[in-house]
Amino acid sequence: MGNIDTDSLKISHHTERNLVVVGGGHAGCEAAAAAARMGARVILLTHNPATIGEMSCNPAIGGLGKGHLVREIDALDGVMARAIDRAGIQFKMLNRSKGPAVQGPRAQADRRLYRQAMQEILMEYDNLTLMAGAAADLVLDRDGHLAGIVTETGQTIPCRAAIITTGTFLGGLIHIGTDKIPAGRVGEAPSMALAQRLRALGLPMGRLKTGTPPRLDGKTIDWSGLGKQIGDIPPQPFSFMTDVITTPQIACGITATTDKTHQVIQANLHHAPLFSGQIEGIGPRYCPSIEDKIVRFADKSSHQIFLEPEGLDDDTVYPNGISTSLPKFVQDLVVASIPGLEQARIIRHGYAIEYDYLDPRALHNGLGLKAIPGLFLAGQINGTTGYEEAAGQGLVAGINAAISLGFDEGGAAEAKKWFSPDRTQSYLGVMIDDLITKGADEPYRMFTSRAEYRLRLRADNADLRLTPMGVTAGCVGTARQQKFAARAAEMAAAKTQSEQWRISPSELARMGFEVRQDGIMRTAFDVLRLPNIGLDGVSKIWPEMARYSEQTRQGLAAESLYATFLARQDEDIADFHQDESLALPPDLDFAAIGSLSTEIREKLTRIRPANLGAAARIPGMTPAAVTALLRYVESGRVRDRAAVPARAPDRAPTRAPDRAPDHSPAQKWGT
Amino acid sequence: MIPEKNVSRETSKTETIFAVATPPGRSALAVIRLTGPDVLTALTAMTGRETLPPRQACLLKLREFAAKDISSNRVALTPYDAKNPIIDQALVIFFPGPASETGEDCLEIHPHGSPNVIASLCHALGQLPNFRLAEPGEFIRRAFMNGKMDLTAIEGVADLLAADTDRQRRQALRQMQGGLRQKIEQWRGNLLRALAYIEASIDFVDEELPGQLPAQARQIAAQTQSEIGQALASSHQGEIVRTGFQIALVGAPNVGKSTLLNHLASREAAIVSPIAGTTRDAISVDLDWSGFRVTLTDTAGLRASEDVIEKIGMAKSRQAAAAADLLLVMVEAHDPPELSDEILAILAQNPNAILVVSKCDFLSDRQGENILSQLRILTKHDAREFFCLALPPNQPNIAAKNCENLIAVIVNRIKRATQLAEDGAVITRQRHRQALEIVNNALLAVGGTDRQDGLEITAESLRRAVTSLDKITGRVAFDDMMSLIFGEFCLGK
């Protein structure tokens, strides 16, 4: 990372090659790093370079679905996993008792260490320059292509590609009780000018809401009577590049709301901006404020709260579970009503924040705006919530912004193909496809249940799924390429070997394993999935298993467990790809397709799905409408072929001739 | 700056289509139906009226409005003129969309059923810009496209059009009105709930969720599976009603199979002669018995023969016997009974076959009892249903009465075989059964509440079940089945 470049000497030259990232949050960091890995000259424009990598809300990375995203980001040589591996102070594999497909890594972070780690990692990129400032306007050329970013001080940074990652700053408005404070985070100015500019461009914008709990002084918490939660021993790293976690590990406290808490909140609901109509934005159902939980689940007498320390040498505690925008005096009463927190001092009160977002259906699958070539968006501006969702989009937008400038090894720019792993390959693909086809009615958060091919999209095989794609695109550094090559080779060797080792049922019985005595020889790969044998049993039968790493053995066990389901899914995936390959021309006139209802016609015209599969996933699409699209596109192909002069001019008409009457069922059956 | 949004291309090119809905030929009245955005253009051109009160029959004079310009060989549209020649005076009804059958504006014209009037009207309509004759099934396709019907309802319409008997019609109506869909929606709702319980237990592990959610989900799945399993078990019944109950007459040559067929069909469908082996081909007649469609097939008599043609006929007999829903095995009333090994084998394989003892008119009661008890021993089946048949040629009333008795026995069998089809949702098509079988297998994999499979594997099976259900109503899936379905419709619905 270069020095802060205020006189923009270097910037003014070779403007065609400049790539500007607006915002230094999780999306911005990942976008800047990805674009830099692709070879672009990146300028990271942010209000305050010291807050790069800030965790604005909860001090944790990962979770279910989210942890999968972090592994995928890492597989594409992204930065988030490596940062959390340095900053994590409690690692936990969620759903450890369930199958490998639904296990998600999560870690508590030391907020300061995380910022530090992120800034250090970005520093390693020579072609990444940092610039303090805020974006206020866009410059577009005569063709409507992005030509520059204008800062609030009036300086123009010429560039042909930019990624906007403004998070909650875009038109940000904080609510605490009846107080309304324009801000991006507490004490930080929002991006009002940019918000106005995007609205003025006629882009489809909306308001969303999120919230954060009060922060407590850990020294004033009575930890003695509280439950404790510790992490996994040993902690398992996020990054495929990290061998071992060296940061000291800590425990979290557990407490819960009481009857008194609920009474206090009930009595003060009239002060809640959430219910008074003061907040217009829609919040996430799955991340409700405490007042929302108490109203919606009135029969529940207590809600769990995790007390998460924000750092090793930081006394701030994040009480996970009591996000609120109630007035400060009510927050004081709420905290005091909770066991262990009776005397706790609030360092900063909780709040709700409303911000502008852009309907992500205006984006293509490379996360660029269809209406403004060169302009890419990532993170909360696209209607998502969460660090991991933001980082994942930042990564994809960063790669594609670089591709749009010609920085690509696979010739993707010429083929007009964005780097965009699909739904069958990744959670990244699930997220992007959901956003661009369904939009975001509420802040979008990743869940494993959003992935229909969940059994193959596992955290354990993220690198096997995506690193080769990343290598082709050019976003994977040499260190990872080498490490990955060895890992992939070992995995392949283990798979081959496990299919060669064979054992008879009688031999298994002799070794103490109960199996059906059907005389059928079974391979190591097949017995691996038997619950009474598993990895331990297989290692006992074939001690040579020990030559493979734990990672390889676990990966093999997962492949074996799901083998029959994966084979069956292959058919579905073939269908999926067939629909995906039926491209809808970008200038398709939906009005010309007969029999589409007005509502569906408007939807299609607004969203402009790239292919038939994407069209079918748009909510409200009827199978009939999809069929009409299919017929239209196919008849269009017939016309195109007819247009080739070499073909006979008098081709068969596209409309089928009238059927002979004896094809009708009534005639067939006779009367 | 940003290019202006190009949204002004609201040039809807949906064509207006028309078709004669009544059969060709001369009749008192005919019906011509029109659907599409421009039906009122046709109204104005023919009658001068801008519009009509919705859903009210109006008696109007229809006038010619198009004339061919001979010099340019082009059709010139002339505006409505009260002096133009009248084609016909007819009832005209306007059904404004979207509350119409196709969801579009519709117009019905009820002209006199003269081929010349109909041809003139169709010719005139065809001259209007953006008008054309409908393709087969196109009206219903538009209804489907506009979300007015789902796939099962469309299949119901196809069946209704093809229905020959009361039972077929009732079943088709039920399906058209959504009987099957309601059942499937109910199953789908249940399974989605089960899936939601499982997914919640996976994705919200650090929340305080009731611990019994997975068990509840498995219970719902098991309950739904048992319902679907039952529907599948009865699925053949709907198909029987829809396609007809297949009855095959088998037996040795010259035991009276063709005679019986002719009696039952009340006409000379099969050639009857005393020469053994007269029937060489399988002959079928379609009958309507108590509202059931029945296909009765007479087959070549089974015996050892070297005659090439007769051997082919016998092969067909065996095929017909294998495909039948009910076998009538005929033997002659001989004392002792003469049953070939093949007939005995057929009886052994078909415990439900009815053994019809023919030519009983020459027997005394005691002789008859004697023969029957011998047959019981020979066929080694106590529950076998016997029917002693007498068709005295010179006493047609007695013969007819005996036939009615036999028909009553058979109809009872059909009723028992289609009992489930009478009450509510029923699977009437192979396509439905295949999809439900996938659902059933997926749910069987979910298993009962005691199963210890991983939740993610249970979820996978539930998902598969829901996707398969959606294929029946056409909510998600689309493929060649669309063209199959739409191909089943004749012109103008």
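None of the values given here were measured: they were computed from a predicted structure.

A. Structural view of the overall build of chain B. Along chain B, the regular secondary structure elements total 17 helices and 16 strands. Expressed as a percentage of its 493 residues, the buried residues of chain B come to 41%. The long-range fraction of contacts in chain B, counting pairs at least 24 apart against all pairs at least 6 apart in sequence, stands at 67%.

B. How the structure looks around the packing of helix α11 (residues 387-404) of chain A against helix α12 (residues 427-438) of chain A. Residues and elements named next belong to chain A. Where α11 meets α12, the axes come as close as 10 Å, and the angle between the chain directions of the two elements is 90°. For the element pair α11 / α12, the angle class is roughly perpendicular. Contacts between α11 and α12 involve Glu-389, Gly-392 and Val-396 from the former and Leu-428, Met-431 and Ile-432 from the latter. A class-by-class count of the residues in the contact of α11 with α12 yields four nonpolar, one polar and one charged.

C. Region of interest: the domain arrangement of chain A. Residues and elements named next belong to chain A. In terms of domains, chain A is made up of domain 1 (9-208 + 355-467), domain 2 (215-233 + 241-352), domain 3 (477-564) and domain 4 (582-643). Just the C-alpha atoms count here: the centres of domain 1 and domain 2 sit 28 Å apart. With 31 residues of domain 1 at the interface, the matching set in domain 2 holds 37 residues. Every element with two or more residues in the side of domain 1 that touches domain 2 is listed here: α4 (80-87), β4 (88-94), α5 (111-123), β11 (173-176) and β13 (205-212). Among the residues making up the side of domain 1 that touches domain 2, the classes are represented as 12 nonpolar, eight polar and 11 charged.

D. Representation of the sheet that holds strand β13 (residues 292-298) of chain B. Residues and elements named next belong to chain B. Across the sheet, which stays open at both edges, the six strands sit in the order β12-β13-β11-β14-β15-β16 with mixed pairing between neighbours. Strand pairing shows two members of the sheet lacking a second neighbour, β12 (283-289) and β16 (385-388), which therefore form its edges. On average, adjacent strands in this sheet sit at an angle of 25° to one another, irrespective of strand direction. Each of β11 (245-251), β13 and β14 (326-332) touches helix α10 (residues 308-323); the most contacted strand, β11, lies at about 135° to it.

E. Local environment of the nonpolar core. Counting residues in each nonpolar core, the largest one holds 180 residues, and the members touching the most others are A:Leu19, A:Ala32, A:Ala35 and A:Ala162. If one sorts the elements of this core by residue count, α11(A) sits on top with 10 residues. For A:Ala32, the contacting residues outside a window of four places in its chain are A:Val21, A:Val42, A:Leu44, A:Leu122, A:Leu128 and A:Gly398. Among the nonpolar cores identified, the runner-up in size contains 57 residues, and A:Val626, B:Ile32, B:Ala45 and B:Leu121 belong to it.

F. Representation of the pairing of strand β3 (residues 32-35) of chain B. Residue and element names in this part refer to chain B. The alternating pattern of β3 places Ile-32 and Leu-34 on one face and Arg-33 and Thr-35 on the opposite face, and all of these are buried. By the bridge criterion, four bridges tie strand β1 (residues 16-20) to β3 in an arrangement that is antiparallel. The residue of β3 that forms the bridge with Val-20 is Ile-32.

G. Here's a closer look at the sheet that holds β13(A). All names here are of chain A. One open sheet holds the four strands; their spatial order is β12-β11-β20-β13, and the pairing between them is antiparallel. Edge positions in the open sheet fall to β12 (179-182) and β13, since each of these has one partner strand only. Taking each pair of neighbouring strands and ignoring which way they run, the sheet shows an average axis angle of 25°. Direction of pairing for β13 relative to strand β20 (residues 351-358): antiparallel, over a ladder of eight bridges. Note that in β20 the partner of Thr-212 across the bridge is Tyr-351.

H. Representation of unusual backbone geometry in the model. The omega torsion across A:Ile233 and A:Pro234 is -5°, close enough to zero to call that bond cis. Looking at where A:Pro234 falls in the secondary structure, it is placed in the loop between β15 (227-229) and β16 (252-256). Its identity as a non-glycine residue notwithstanding, A:Asn95 has a phi of 60°, on the positive side. A residue is classified by how many C-beta atoms lie within 10 Å of it, and A:Asn95, with 22 of them, is buried. Positive phi, normally seen in glycine, also occurs at B:Arg55, with a value near 55°. Its location among the elements puts B:Arg55 in the loop between α1 (39-47) and β4 (58-63).

I. Up close: α11(A). Residues and elements named next belong to chain A. When the terminal C-alpha atoms of α11 are compared, their 25 Å separation across 18 residues agrees well with the 26 Å that a helix rising 1.5 Å per residue should span. With 18 of 18 residues buried, α11 lies mostly within the body of the structure. Just downstream of α11, Gly-406 is the residue with a positive phi angle, here 95°.

J. Up close: the pairing of strand β8 (residues 106-110) of chain B. Residue and element names in this part refer to chain B. Sheet topology note: the β3/β8 ladder contains four bridges and is antiparallel. When the bridges of β8 are listed, Arg-33 appears paired with Glu-108. As judged from the five bridges shared by strand β7 (residues 86-95) and β8, these two strands associate in the antiparallel manner. Looking at β8, one finds that Leu-91 is bridged to His-110.

K. Region of the structure containing the environment of B:Leu107. All names here are of chain B. Relative to the elements of secondary structure, Leu-107 occurs in strand β8. As for Leu-107 and Val-39, which are separated by 68 residues in sequence, their C-alpha atoms are 6.3 Å apart. The contact partners of Leu-107, leaving out residues within four places of it in the chain, are Leu-34, Val-39, Ala-42, Leu-43, Val-92 and Phe-94.

L. Inspection of the confidence of the model for chain B at higher detail. All names here are of chain B. Of the residues in chain B, 78% reach a pLDDT of 70 or more, and the chain-wide mean stands at 76. Least confident of the elements in chain B is helix α17 (residues 480-487), whose mean pLDDT is 34; most confident is β8, at 95. Counted against residues more than four places away or in other chains, residues 1-12, with its pLDDT under 50, gives 16 contacts. Confidence drops under a pLDDT of 50 for residues 476-493, and excluding neighbours within four residues, the segment shows 44 contacts in the predicted structure. For this predicted complex, the interface score ipTM comes out at 0.80, while the overall pTM is 0.73.

M. A look at α5(A). Residues and elements named next belong to chain A. Between the first and last C-alpha of α5 there are 18 Å, a value that for 13 residues agrees with the 18 Å anticipated at 1.5 Å per step. Every buried residue of α5 is accounted for by Arg-111, Leu-113, Tyr-114, Ala-117, Met-118 and Leu-122. All buried residues of α5 fall inside an arc of 165° around its axis, so they share one side. Buried residues in α5 make contact with α2 (26-38), α4, β5 (104-109), β6 (128-132), β17 (304-311) and β18 (314-320).

About the cut-offs
- Residues numbered from 1 in each chain as written.
- Chains lettered and ligands numbered in written order.
- Predicted model: local features only at pLDDT ≥ 70, side-chain atom pairs only at ≥ 80, totals over all residues.
- Helix = DSSP H or I, 4+ residues; strand = E, 2+ residues; numbered from the N terminus.
- Buried ≥ 20, exposed ≤ 12 C-beta atoms within 10 Å, placed from the backbone.
- Contact = placed C-beta atoms within 7 Å.
- Axes fitted to C-alpha atoms, helices over the stretch in contact; angles between N-to-C directions.
- Parallel < 35°, antiparallel > 145°, perpendicular 65-115°, else oblique.
- Nonpolar A, V, L, I, M, F, W, Y, C, P; charged D, E, K, R; others polar.
- Domains from an automatic or database assignment.
- Pairing = 2+ DSSP bridges.
- Core = buried A, V, L, I, M, F, W, Y, C linked by C-beta atoms within 7 Å.
- Expected span 1.5 Å × (residues − 1).
- pLDDT = per-residue confidence, 0-100.
- Arc of directions from axis to C-beta.

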